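Summary of the model geometry
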Amino acid sequence: MLYVTPFLLFDGNCAEAMTFYHQCLGGELTMTRLGDSPIKDMLPTEKHNLIINAHLKSGDIEISATDWMASPEFDPVQGNTYAIYVIGNTYAELKAVFDKIKDGDNNERLQELHEMPFGLYGQFYDKYGVQWIFKGDKKG
């Protein structure tokens, strides 16, 4: 079963922002620094203190977030610092929705669904300029 949560992208202050939201909303907050993740060798060491994944759950409220990792190739500007985050279990479940929303090959910043050390991952901006991020369990 798929579910959707807001996904926020911060310019180096993800830990501060998510801690603030946690103080306001309560619940459980988990945060992982890039340097503590299995993908740390894929990005420069100067980014290792940044948050690669944060998740806040308080009752029915869920917010996922990260610090911006794409700079300097792609800089954050107001409007590209949020996404719709689709989380699923199986590749087939994610791929069916991914391909429908992707709607062809005219997508910006397309990353097809692929295996990462933490599971399946893919993202793109759709034809309306909305960013979509997909994450799922590993194919295996």
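Structure shown above.
Note that this is a predicted model, so its numbers are computed, not measured.

Right, let's get into the pairing of strand β3 (residues 51-58). Of the strand pairs in this sheet, strand β2 (residues 28-33) and β3 are connected by six bridges, and their pairing is antiparallel. The residue bridging leucine 29 from the neighbouring strand is leucine 56, located in β3. For β3 and strand β4 (residues 61-67), the ladder comprises five bridges, and the chain directions are antiparallel. For lysine 57, the partnering residue across the bridge sits in β4 and is glutamate 62. From the end of β3 to the start of β4, which pair antiparallel, there are two residues, and glycine 59 there has a positive phi angle of about 60°.

The terminal C-alpha atoms of helix α2 (residues 91-102) lie 15 Å apart, and with 12 residues this matches the ideal 16 Å at 1.5 Å per residue to within 8%. Restricting attention to buried positions, one finds in α2 the residues Leu94, Phe98 and Lys102. Taken end-on, α2 shows its buried residues confined to a sector of 55°, consistent with a single buried face. Of the residues in α2, the exposed ones pointing more than 90 degrees away from the buried face are Ala92 and Lys100. Looking at the residues trailing α2, positive phi occurs at aspartate 103, about 55°.

Another aspect to go through is the packing of aromatic side chains. Following the criterion strictly, the structure yields seven aromatic pairs and no others. Between the aromatic rings of phenylalanine 98 and phenylalanine 124, the centroid separation amounts to 5.0 Å while the plane-to-plane angle is 90°, which identifies the pairing as edge-to-face. Of this pair, phenylalanine 98 sits in helix α2 while phenylalanine 124 sits in strand β7 (residues 119-125), and the two are 26 residues apart along the sequence. Side by side, phenylalanine 98 and phenylalanine 124 carry an identical accessibility label, which is buried. Three or more aromatic residues joined by ring pairs make a cluster, and in this case those are Phe98, Phe124, Trp132 and Phe134.

Conventions and cut-offs
Within each chain, residue numbers correspond to sequence positions counted from 1 in written order. The predicted nature of this model means local features are confined to residues of pLDDT at least 70 and side-chain atom pairs, given and counted, to a pLDDT of 80 or more, with totals for whole chains, interfaces and linings taken over all residues. Excluding hydrogens and water, the side-chain figures rest on all heavy atoms present in the structure. Pairing between two strands requires that DSSP report at least two bridges joining them. Strands here are runs of E lasting at least two residues and helices are runs of H or I lasting at least four, both read from the DSSP assignment and numbered beginning at the N terminus. Given the number of residues in a helix, its expected span is that number minus one, multiplied by 1.5 Å. Only protein chains enter the calculation, and the probe is 1.4 Å; a residue is then buried if its accessible area is under 20% of its type maximum, exposed if over 50%, and partly exposed in between. The directions considered for the arc are those from the helix axis to the C-beta atoms. Pairing of aromatic rings covers Phe, Tyr and Trp, the last through its six-membered ring, and needs centres within 6.5 Å; plane angles under 30 degrees mean stacked, over 60 mean edge-to-face, and all others mean tilted.

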